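Read off the chains here:
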Amino acid sequence: MRREQEFIDELYERLADLRAGAETAVQQALSRDGGNTRQAMLERDILVAEQSGLLAAFNAGERGLCFGRLVFRDGRDHHIGRIGMRRDDADRTPMVIDWRADVARPFYLATGHTPMGLRRRRHLTTEGQTVTGLHDEILDLDDTERTGYEGSDADAVLLSALDAARTGRMHDIVQTIQAEQDRIIRAPHRGVMVVEGGPGTGKTVVALHRAAYLLFAHRELLARRAVLVVGPNPAFLSYIGEVLPSLGETGVLLATPGELFPGVTATGTDTPEAAAVKGAAAMADALAAFVRDRQAVPDPEIVIAHDDGELRLTREMAEDARAAARATEQPHNLARATFAFHVIDALTEQLTDTLGADPYGGPNLLGVDDIAQLGKAIAANEDVHAAIAGLWPQLSPQQLVEDFLEEPVHLPDADIAAIRRKPGAEWTPADVPLLDEAAELLGVDDSAALARAEAERQERIAFAQGVLELSYGSRTQEFEDRDDEESEVLLAHDLVDAERLAERHEEADHRTAAERAAADRTWAFGHIIVDEAQELSPMTWRLLMRRCPTRSMTLVGDPAQTAEPGASGSWEAILSPYVGERYEQVVLGVNYRTPAKIMEVAADLLRAADPSFTPPRSVRDTDGRPWSQAADDVPAAVAEAVAGATGDAGRVAVIAPAGLIGALAEVLPWASYGPEPDLTRPVVLLDPRQAKGLEFDTVVVAEPDEFQASDLYVALTRATQRLGVIHSRGLPKGLEQLAPVA
Ligand SMILES: Nc1ncnc2c1ncn2[C@@H]1O[C@H](COP(=O)(O)OP(=O)(O)OP(=O)(O)O)[C@@H](O)[C@H]1O
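Quick caveat: nothing in here was measured; it's all calculated off a predicted structure. (Residues numbered from 1 in each chain as written. Predicted model: local features only at pLDDT ≥ 70, side-chain atom pairs only at ≥ 80, totals over all residues.)

Visitor: Can you help me understand the domain arrangement of the protein in this one?
Guide: Often, the extent of an interface is quoted as the loss of accessible area upon association of its parts. Domain annotation for the protein reports domain 1 (1-152), domain 2 (179-261 + 521-591), domain 3 (276-419) and domain 4 (596-740). The centre of domain 1, based on its C-alpha atoms, is set 66 Å off from the matching centre of domain 3. (Domains from an automatic or database assignment.)

Visitor: Any chance you could explain the pairing of strand 13 (residues 553-557) here in plain terms?
Guide: One face of the sheet, then the other: side chains in a regular strand alternate in exactly this way. Most of strand 13 sits inside the fold, with five of its five residues counted as buried. Of the two faces of strand 13, both are covered, the one formed by Met 553, Leu 555 and Gly 557 as well as the one formed by Thr 554 and Val 556. As judged from the five bridges shared by strand 7 (residues 192-197) and strand 13, these two strands associate in the parallel manner. From the neighbouring strand, Val 194 faces strand 13, where its bridge partner is Leu 555. Where strand 12 (residues 527-530) lies against strand 13, three bridges are found, and the strand directions are parallel. When the sheet's bridge partners are listed, Ile 528 is paired in strand 13 with Met 553. (Buried ≥ 20, exposed ≤ 12 C-beta atoms within 10 Å, placed from the backbone. Helix = DSSP H or I, 4+ residues; strand = E, 2+ residues; numbered from the N terminus. Pairing = 2+ DSSP bridges.)

Visitor: Explanation requested: the site of the ligand in the structure shown.
Guide: In the vicinity of the ligand there are 23 residues, among which Pro 199, Gly 202, Lys 203, Thr 204 and Tyr 592 approach most closely. For the shell around the ligand, the elements supplying multiple residues, two or more each, are helix 4 (156-163) and helix 6 (203-217). When residues of the shell around the ligand are assigned to domains, at least three fall in each of domain 2 (179-261 + 521-591) and domain 4 (596-740). (Near = placed C-beta within 6 Å.)

Visitor: When you look at the environment of Ile 138 in this model, what are you seeing that I'm missing?
Guide: Note that Ile 138 resides in strand 6 (residues 130-138). The class of Ile 138 is partly exposed, set by 19 C-beta atoms lying within 10 Å. Sequence-wise, Ile 138 and Asp 307 are 169 residues apart; in three dimensions their C-alpha atoms are separated by 97 Å. Beyond its immediate stretch of four places on either side in the chain, Ile 138 contacts Arg 120, Asp 143 and Glu 150. (Contact = placed C-beta atoms within 7 Å.)

Visitor: Hey, could you run me through the sheet that holds strand 2 (residues 77-81) in this one?
Guide: Within a sheet, neighbouring strands are paired by backbone hydrogen bonds and run either parallel or antiparallel to one another. Read across the open sheet, the six strands follow the order 3-4-2-1-5-6; overall the sheet is mixed. Looking at which strands have only one partner, the edges of the open sheet turn out to be strand 3 (85-86) and strand 6. Sheet topology note: the strand 1 (residues 66-72)/strand 2 ladder contains five bridges and is antiparallel. Looking at the pairing, Arg 69 lines up with His 79 of strand 2. This element, helix 1 (residues 2-31), spans strand 1, strand 2, strand 3, strand 4 (94-98), strand 5 (118-127) and strand 6 of the sheet and lies at about 120° to strand 6. (Axes fitted to C-alpha atoms, helices over the stretch in contact; angles between N-to-C directions.)

Visitor: Would you take a moment to explain the UniProt feature "binding site: ATP" (unreviewed entry) in the protein for this structure?
Guide: Taking the UniProt record as the reference, the feature "binding site: ATP" (unreviewed entry) is found at Gly 197, Gly 198, Pro 199, Gly 200, Thr 201, Gly 202, Lys 203 and Thr 204. Here Pro 199 is to be found in the loop between strand 7 and helix 6. Those residues within four positions of Pro 199 in sequence are excluded, and the remaining contacts are Asp 558, Gln 561, Asn 591, Arg 593, Thr 594 and Thr 717. With respect to the helices and strands, Gly 202 occurs in the loop between strand 7 and helix 6. (UniProt positions renumbered as here; feature names shortened; annotations may be inferred.)

Visitor: What is the right way to look at helix 16 (residues 397-406) in this model?
Guide: Side chains three or four residues apart in an α-helix point the same way, a direct result of the helix having 3.6 residues per turn. By the burial criterion, the buried members of helix 16 are Pro 397, Leu 400, Val 401, Phe 404 and Leu 405. Along the long axis of helix 16, the arc covered by the buried residues comes to 125°, so they all point the same way. (Arc of directions from axis to C-beta.)

Visitor: Looking at this structure, how should I read the nonpolar core?
Guide: Within soluble globular proteins, side chains that are nonpolar tend to cluster in buried spots. Counting residues in hydrophobic clusters, the biggest one holds 158 residues, and the most contacted among them are Ala 211, Val 227, Val 638, Val 654 and Leu 716. Considering each element in turn, this core owes the most residues, nine residues, to helix 6. Aside from chain neighbours lying at most four places away, what touches Val 638 is Val 654, Leu 664, Val 667, Val 700, Ala 702 and Ile 726. (Core = buried A, V, L, I, M, F, W, Y, C linked by C-beta atoms within 7 Å.)

Visitor: Quick question: what am I supposed to make of the packing of helix 16 against helix 18 (residues 431-442) here?
Guide: Relative orientation and spacing of two packed helices are given, respectively, by the angle between their axes and the distance between those axes. Taken N-terminus to C-terminus, the directions of helix 16 and helix 18 make an angle of 120°; their axes are 8 Å apart at the nearest point. One finds that helix 16 runs oblique with respect to helix 18. Between helix 16 and helix 18 the crossing geometry is right-handed. Contacts between helix 16 and helix 18 involve Pro 397, Gln 398, Leu 400 and Val 401 from the former and Asp 431, Leu 434, Leu 435, Ala 438, Ala 439 and Leu 442 from the latter. Residue classes in the contact of helix 16 with helix 18 are distributed as eight nonpolar, one polar and one charged. (Parallel < 35°, antiparallel > 145°, perpendicular 65-115°, else oblique. Left-handed = near helix turned anticlockwise from the far one by under 90°. Nonpolar A, V, L, I, M, F, W, Y, C, P; charged D, E, K, R; others polar.)

Visitor: Quick question: what am I supposed to make of helix 10 (residues 272-279) here?
Guide: Taken as a whole, helix 10 has its buried residues at Ala 274, Ala 275, Val 277, Lys 278 and Gly 279. Residues of helix 10 that are buried sit in contact with helix 11 (282-293), helix 17 (413-419), helix 18 and helix 24 (538-546).

Visitor: Quick question: what am I supposed to make of the sheet that holds strand 17 (residues 627-630) here?
Guide: Taken together, six strands build an open sheet; the order of strands is 19-18-20-21-17-22 and the sheet is parallel. Where the open sheet ends on each side, the last strands, each with one partner, are strand 19 (683-686) and strand 22 (739-741). The sheet shows a mean angle of 25° between the axes of neighbouring strands, taken without regard to direction. Two elements, strand 17 and strand 22, share three bridges in a ladder whose sense is parallel. The residue of strand 22 that forms the bridge with Ser 628 is Pro 740.

Visitor: Help me understand unusual backbone geometry, please; the structure alone is not making it clear to me.
Guide: Most peptide bonds take the trans form, and the phi angle of most residues other than glycine is negative. In this structure, the amide linkage connecting Asp 299 to the following residue, Pro 300, adopts the cis form with an omega of 0°. As for its position among the elements, Pro 300 is in the loop between helix 11 and strand 10 (301-304). A positive phi angle, near 60°, is found at Arg 551, a position not held by glycine. One non-glycine residue with positive phi stands out, namely Glu 703, at about 50°. Position of Glu 703 among the secondary structure elements: in the loop between strand 20 (696-702) and helix 29 (709-716).

Visitor: What exactly am I supposed to notice about the packing of helix 13 (residues 332-355) against helix 14 (residues 368-379) here?
Guide: Where helix 13 contacts helix 14, the two axes come as close as 9 Å, and the packing angle between them is 125°. Relative to helix 14, the element helix 13 lies oblique. Relative to helix 14, helix 13 is oriented so that their crossing is right-handed. Contacts from Ile 344, Leu 347, Thr 348, Leu 351 and Thr 352 of helix 13 reach helix 14 at Ile 371, Leu 374, Gly 375, Ile 378 and Ala 379.

This is how it looks when you write it as structure tokens:
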């Protein structure tokens, strides 16, 4: 214990030095009098960005900096920690190894059967900077040396982590990642990986650690392209929001599916029927047909007054122009130029024929210049433009979807009735994929902006080339002496090509990749993680697949918890349109959250409908049995139950049908509730959809017979310690084994 404490003290000293170094480097870079030349600014930007990233990692390392030690049979001896650090000596000896490095892997995988070269594995428990416990496992049977910290139960560290009172925020699990989870976390980053598992099997936490691992293993790529984590609702995102920063990773964008169309905030709600219709794949065809409807032809013609003579835009002329525009296969707004060009051309020809006609039947009397002149005048005629705009209007995604929902077409009557609404309504989450689809169908005519951007990029590349030549020439002792991490800064100067450096400059100039990604509908993410993936509609999948052309994705979910009416169904239904059968599926089978007695009740509920249902196996159990109480006044009984539970440490959640929340809020005035409840408060009031993915020490479920079965299954499995059910109208089938209380 003493020796480990000495080591930990040394480690925190080193951390303090590194942090001070990074802080000074940022300060110096910001105040460095290198002048305001582009080179000085570029160097400064790179330095500040890199050092700020390091600072974030150092700050993250503060808590539980080192939690393990591996002693190998060949004499190697490594401490494992949240971040990696080296000594300040000539060899830059590793002091603590990042948990994501290959060397650290036996910490999670080695067993007596497959020791992976280990003699002993030590778990170190710390509080603040003080070592409070050691736990040794002997993996080499020939090793007779004993430290006195060998425990009989190798799961002691895991169980004490699982028993801890909840805080309303998910924590990282780097100290106790289990072997089946480690394999998922470190799976290759290419392709689609599906992680399926029942409640509490660690799907969410594993997916987040996978993001941290991928950012470590593919730093260059993913830091530029960012990782997107999609979760079901804002409360869930704030629940998981601290895990990645606590692992030192900030290049991640967390979003709900309703937040993925920049500039639109989905505050409205749909009826379940409307959400199902809007989510169905048929919507893509309906919208595409609706766009074609907006490419009209006159019936029979539009007559336009023009200085040089009357113009008649006939149906036939417009049809030809439309066919030419459609043949480009460009999106509507981009193909508009082709339509306009053909119309103007046809009108010019028409006018040429009239004005230049030779009364004696000879060839047209107008010369090439005259015809060009006529064409120019027609192209400048505002009425011509108005006619073109009427036939082939420039459209925004918002306008298109609004028009469509006001008067839906190309769908069965019942579907039309389900989604029709008045213009000006708030956008709903189910509208977001429609807006995205519309944006794809319409395209943005940004050719001028793109040309400008490309010219600027070329200028930056030329400039960066100059910087590279200069910075190599002026390589100084100061740079050579930097810490290992810092020398990456030098590597950036030395090894990147001009194009990459120019790109970096662009990034450093503005926002982080995650921030830029959030504002850019066409951003291609380096990796996408989707939680509660079973809930997403086919239209939402179309949107997500567009955001990830490389199909590097991790999808986690549990079909038994599906609640949304428009959900896609099976993994195969979700994925086959995009990757065929080329995806890997793994199943997690151990429930780390819900105690066995509670899980049995939840499983019985599903067994009532499907006798073959097998729940995940709970690793832990509690003494108390889950209970039920019949009450005439449900809010009063809930208030009493909550008052009894708040004496315990941790968090209490009341999960109730949405219609009961108001009445419960009155009897629980201190409870947090609403669209974005504060989960760190002692008592939270949630409807079943809001409870998805969360967990609490105590859960009280009110009026269970008003829940749909999958919602009730989710609600029952949120408890880590205690579960009670309060009802006025009897219990749904399957819940009979709850212990009745008066
Ligand atoms: N290896 C582990 N060490 C410590 N805690 C763990 C481990 N694996 C999972 N947990 C904990 O178990 C709980 C459940 O994990 P998580 O929320 O990721 O499960 P899930 O499969 O997403 O559940 P659900 O489908 O019910 O939302 C969390 O508190 C998580 O921290």
